[in-house]
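Spelled out from the first residue to the last, the chains are:
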Amino acid sequence: MNDLKDKVILITGGGSGIGRATALAFADYGAKIMISDINRAGGEETLRLLRGADVSFIPADVTQSGEVAALISQTVAAYGRLDCAVNN
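By convention here, each chain's residues receive numbers from 1 onward along its written sequence. Side-chain atom pairs in this predicted model are given and counted only at pLDDT of 80 or more, local residue features only at pLDDT of at least 70, and totals for whole chains, interfaces and linings cover all residues. Heavy atoms from the whole structure form the basis of all side-chain values; hydrogens and water molecules are not counted.

### Here's the deal with unusual backbone geometry
Which entries qualify depends on this criterion: In this description a helix means any DSSP run of H or I spanning at least four residues, a strand means any run of E spanning at least two, and both kinds are numbered starting from the N terminus.
Positive phi is not limited to glycine here, since Asp-6 has a value of about 65 degrees. Secondary-structure assignment places Asp-6 in the segment before strand E1 (8-12).

Below you can see the structure in the form of structure tokens.
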């Protein structure tokens, strides 16, 4: 599945469980990943697990529309675009 190579993917809830597993899998396929989670420690742990991949972490509460808008803006600023969002 090389069609994720260099795609920019935002994953909310990436600090644990399904979100973390998704980030790990997508990184294996070469995606550039922005992880977000309300749990800073969990997000930073996922970031540590993905060491060497093109990955970033931004803490955000997706129940707050302003934080979601900022998250999207920061993802585009960091990677130049957003190809896919996994709202977990």
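### Some words on helix H1 (residues 17-28)
Stated precisely, the cut-off is as follows: How far a helix is expected to stretch is found by multiplying one less than its residue total by 1.5 Å. Here the term buried applies to any residue with accessible area under 20% of the maximum for its type, exposed to any over 50%, and partly exposed to those in between, with areas from a 1.4 Å probe on protein chains only. This arc is taken over the directions from the axis of the helix to the C-beta atoms.
Over its 12 residues, H1 extends 17 Å from the first C-alpha to the last, a length consistent with the 16 Å expected when each residue adds 1.5 Å. Taken as a whole, H1 has its buried residues at Gly-19, Arg-20, Thr-22, Ala-23, Phe-26 and Ala-27. The buried residues of H1 occupy an angular sector of 160 degrees when projected down its axis, which confines them to one face. Turned more than 90 degrees away from the buried face of H1 sit Gly-17, Ile-18 and Asp-28, all of them exposed.

### Here's the deal with the pattern of salt bridges
Heads up, the rule is: Each reported salt bridge corresponds to a side-chain nitrogen of Lys or Arg within 4 Å of a carboxyl oxygen of Asp or Glu.
Here the structure, examined in full by the defined rule, presents three salt bridges. Close ionic contact of Arg-48 with Glu-45 constitutes a salt bridge, the shortest N to O distance being 2.6 Å. In this pair, Arg-48 and Glu-45 are both assigned in helix H2 (residues 40-49), three residues apart and thus about one turn of the helix distant. Judged by its relative accessible area of 42%, Arg-48 falls in the partly exposed class. For Asp-83, the salt bridge identified is with Arg-81, shortest N-O distance 2.9 Å.

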